[in-house]
Every structure is written in C-alpha cells, then in structure tokens.
Amino acid sequence: MPRIQYFVAASLDGFIATSGDDLGWLLQFDGFEGGSESYESFMADVGCIVMGGETYAWLMEHEPGKWPYPSTPCYVFTHHEHAAPPGSDITFVRGGVTEFADDFRADAAGRNIWVVGGGNLAAQFAAAGLLDEIILSVIPVILGDGKRLLPIQGPTPPLELTASRTLGRGIVESRYLLSGGTS
C-alpha cells in the first residue's frame, strides 16, 4: 500500500538545517558511498511530492531555472505567490494537509508520497495522522541549533524500526513506521 514518507537527513543532534537555512554541513557529504543508490531506490517508488514554501524557495534560489523533479507531480504549501519553472508539474496550495490528501494520493497513482524538506510540513502530516514512515539519514555532524527534524508536541508513541544500515562516511539510514502506518 502506498505510504506518505518523510525522507530526510538530519544532524546527529536532530536538525535538518541551520537556523539560517544553510545546508553546507549536509552538502559536504554529497556523493557519499551508498547515498545515490539510497536516493534512486527511494525515488523509484515516489509518485507525488509535497513540500513547503520555504523548501521550494530554497530550491529556486540554489538551482535557478532547474527543477529536480520534472516528471513527478508536486504540491507546494505556501502563502506566497510563486511561478513554476518550465517543464514542472507543480500545484501551489494553501490550507491544511488533510484538505489535499486525496489529491496527493490520486496524483501518486498507487505510488508513495514524499514529504520533502521542512520539518514543519512533516509535523502537520504527523499531527493529522497521515505520516506513515520516516526514512532518516543521520549525518555525523552536530549543529547545536537550527530547524528541528520534526517539530511536534511530543512525545509520540514508539516508532517501529523496520530497517537500518550504515552508508559511507559514517551516515546511518533508518526507516521507521509511525503508529498506524502501513506495513
């Protein structure tokens, strides 16, 4: 059964970006052993992408004119006006994640839905009981502060570890099902 997944990297102390949205600490690990295979395997099962407006703006700022997901439908939750890059399949939306869940599933066409980037959006999915799985790559860097992995009011019920493996350069990738997630 298709899942709504949060595929994400975080520092050892649980941050996905610095407070100023800097990802240099993460980008220094580009090309690590096993990273490409993990991402490509994950993306092969993704039928729809959902991201927050800050993540979208970051992509547009750091990769102007390039859209990394040209053949995948994408929803961007934002309160700002944006233009979609040529060749993209992007729908800009406002509102709660539950309002659009059926649209995500329809566009995913039986494949998984990837919640990209921001912990705040992933937290909305978790709070609504829609987040099925977290696929977390822990990067061996300590940031001290920044944007939290999943800024929810916790604690959660115990998550179920379904897989874990060590990738290159000390990175550990773990897969967790949330309570009620599909198996």
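Below or above, wherever it landed, is the structure these notes cover. (Residues numbered from 1 in each chain as written. Predicted model: local features only at pLDDT ≥ 70, side-chain atom pairs only at ≥ 80, totals over all residues. Heavy atoms only, no water.)

## Quick look at the overall build of the protein chain
Applied cut-off: We count a stretch as a helix when DSSP gives it H or I for four or more residues in a row; a strand needs E for two or more, and each element gets its number in order from the N terminus. What the globule rule says is 2.2 Å times the number of residues to the power 0.38, and the radius of gyration is computed from C-alpha atoms. The buried label goes to any residue with under 20% of its type's maximum accessible area, the exposed label to any with over 50%, and the partly exposed label to all in between, with areas taken from a 1.4 Å probe on protein chains only. Whether two residues are in contact is decided by their heavy atoms, any of which lying within 4.5 Å being enough. Each accessible area value is a Shrake-Rupley result obtained with a 1.4 Å probe; residue values ignore everything except the protein chains displayed when judging cover. Two residue types count as positive, namely Lys and Arg, and two as negative, namely Asp and Glu; His and chain ends fall outside the count. Taken as the charge centre is NZ of Lys, CZ of Arg, CG of Asp or CD of Glu, depending on the residue.
A count of helical and extended segments in the protein chain gives five helices and ten strands. In terms of C-alpha radius of gyration, the protein chain reaches 16 Å, essentially the compact-globule figure of 16 Å for 183 residues. In terms of its C-alpha atoms, the protein chain occupies a principal-axis envelope of roughly 35 × 35 × 30 Å. Across the 183 residues that make up the protein chain, the buried fraction comes to 44%. At a minimum sequence separation of 6, the contacts of the protein chain that also span at least 24 residues come to 72%. Counting only carbon and sulfur atoms, one obtains 52% of the accessible surface of the protein chain, whose full area is about 9500 Å². For the protein chain, the centre of its 10 positive side-chain charges and the centre of its 22 negative side-chain charges are spaced 2 Å apart.

## Brief notes about the nonpolar core
Put simply, the rule is: Nonpolar core, defined: a set of buried Ala, Val, Leu, Ile, Met, Phe, Trp, Tyr and Cys residues in which side-chain atoms within 4.5 Å join the residues together.
The biggest cluster of nonpolar side chains holds 28 residues, and the ones touching the most others in it are Tyr6, Val50, Phe77, Phe104, Phe125 and Leu149. Mapped by element, the contributors of at least two residues to this core are strand 1 (4-11), strand 3 (46-52), strand 4 (74-77), helix 4 (97-108), strand 6 (112-116), helix 5 (119-127) and strand 7 (133-139). Counting residues per element, this core draws most heavily on helix 4, at five residues. Discounting residues that sit within four places of it in the chain, Leu149 has contacts with Tyr6, Val8, Ala10, Gly14, Phe15, Ile16, Gly119 and Leu136. Within the second largest apolar cluster, 16 residues are counted, among which are Phe7, Val46, Tyr56 and Leu59.

## What about the side chain of Ser38?
Note the threshold: Definition of a polar contact: a pair of N or O atoms within 3.5 Å, with one able to donate and the other able to accept a hydrogen when the atoms are protein atoms, and with sequence-neighbouring residues admitted only if both atoms are side-chain atoms.
If you trace the backbone, Ser38 turns up in helix 2 (residues 35-43). Of note is the side chain of Ser38, whose polar atom sits 2.3 Å from the side chain of Glu173. In this view, Ser38 contacts Phe7, Arg165 and Glu173; residues no more than four positions away in its chain are not counted.

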